[in-house]
Amino acid sequence: MNPTHLIEGFFKHFQQLGGTWRKAKVGHVHPEQQSVTLYTEDNEKISTEKVVVACGAFSKSIRGSGSEHLPLGTERGYLVQYAQHEDLLSRPIGFADQGFYASPMNQGLRLAGVVEIDALQKPVNRKCIQYLQRCAKQQFGINSEPDTDWLGYRP
């Protein structure tokens, strides 16, 4: 299992259907009757009939979209991954009493599910990473440091 490959497949299909992708930091959106105009932070103007602005927890930063008025908080999700231990499981398993999931991935064994509500600009909460490391040791006997740890933001 590799979530990146899944997203790459969606993206390829989107392009095959005629979709175009452009990476730009949008500062302002101006919806019109039959179109929408985006203004990037580089003062570039982009007009189109349809647009998807995918910025999740960062949505409040786009003026004119309406999302700047929503009471969005930020859920911050953590994971750790151990590259040499992907063969410990054959399918994802949830540990309800400890509040995490373990999943075999192409990149290794992934432990995730620990979340907190906090601001976007706050630094990584190392206690969440350390908790997942303790879970890896307790449930799977993994004593090594994770090859990857990660913090993702959700609105």
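Predicted model, so just to flag it, every value in this text is computed and none were measured.

Thresholds, definitions, all that
- Residues numbered from 1 in each chain as written.
- Predicted model: local features only at pLDDT ≥ 70, side-chain atom pairs only at ≥ 80, totals over all residues.
- Heavy atoms only, no water.
- Helix = DSSP H or I, 4+ residues; strand = E, 2+ residues; numbered from the N terminus.
- Expected span 1.5 Å × (residues − 1).
- Pairing = 2+ DSSP bridges.
- Axes fitted to C-alpha atoms, helices over the stretch in contact; angles between N-to-C directions.
- Buried < 20%, exposed > 50% of the residue type's maximum accessible area, 1.4 Å probe, protein only.
- Contact = heavy atoms within 4.5 Å.

Draft legend 1. Spotlight on helix α1 (residues 3–16). For α1, with 14 residues, the first-to-last C-alpha span of 20 Å sits near the 20 Å given by 1.5 Å per residue. Looking at the residues trailing α1, positive phi occurs at Gly18, about 100°.

Draft legend 2. Looking closely at the sheet that holds strand β5 (residues 93–95). Taken in spatial order, the 5 strands line up as β5-β6-β7-β4-β8 in an open sheet, and their pairing is antiparallel. Edge positions in the open sheet fall to β5 and β8 (148–154), since each of these has one partner strand only. For this sheet, the mean inter-axis angle between neighbouring strands, taken without regard to orientation, is 25°. With 5 bridges connecting them, strand β6 (residues 100–105) and strand β7 (residues 108–117) associate as antiparallel partners. Pairing of Pro104 across the sheet is with Leu109, part of β7.

Draft legend 3. Fine view of the sheet that holds strand β3 (residues 45–48). Strand order in the open sheet formed by 3 strands is β1-β2-β3, with antiparallel pairing between adjacent strands. Bordering the open sheet on either side are β1 (26–31) and β3, each of which pairs with just one other strand. The mean angle between the axes of side-by-side strands here comes to 20°, regardless of whether they run parallel or antiparallel. Strand direction decides the pairing type here: β1 and strand β2 (residues 36–40), joined by 5 bridges, are antiparallel.

Draft legend 4. Fine view of the environment of Pro92. Tracing the backbone through its elements, the reader meets Pro92 in the loop between β4 (75–82) and β5. Residue class for Pro92 comes out partly exposed when judged on its relative accessible area of 46%. Taking the C-alpha atoms as reference points, Pro92 and Leu109, 17 residues apart in sequence, are found 9.6 Å from one another. Filtering out sequence-adjacent residues up to four positions away, Pro92 remains in contact with Ala102, Ser103 and Pro104.

In short, the description is geometric, and any link to function would need to be established separately.
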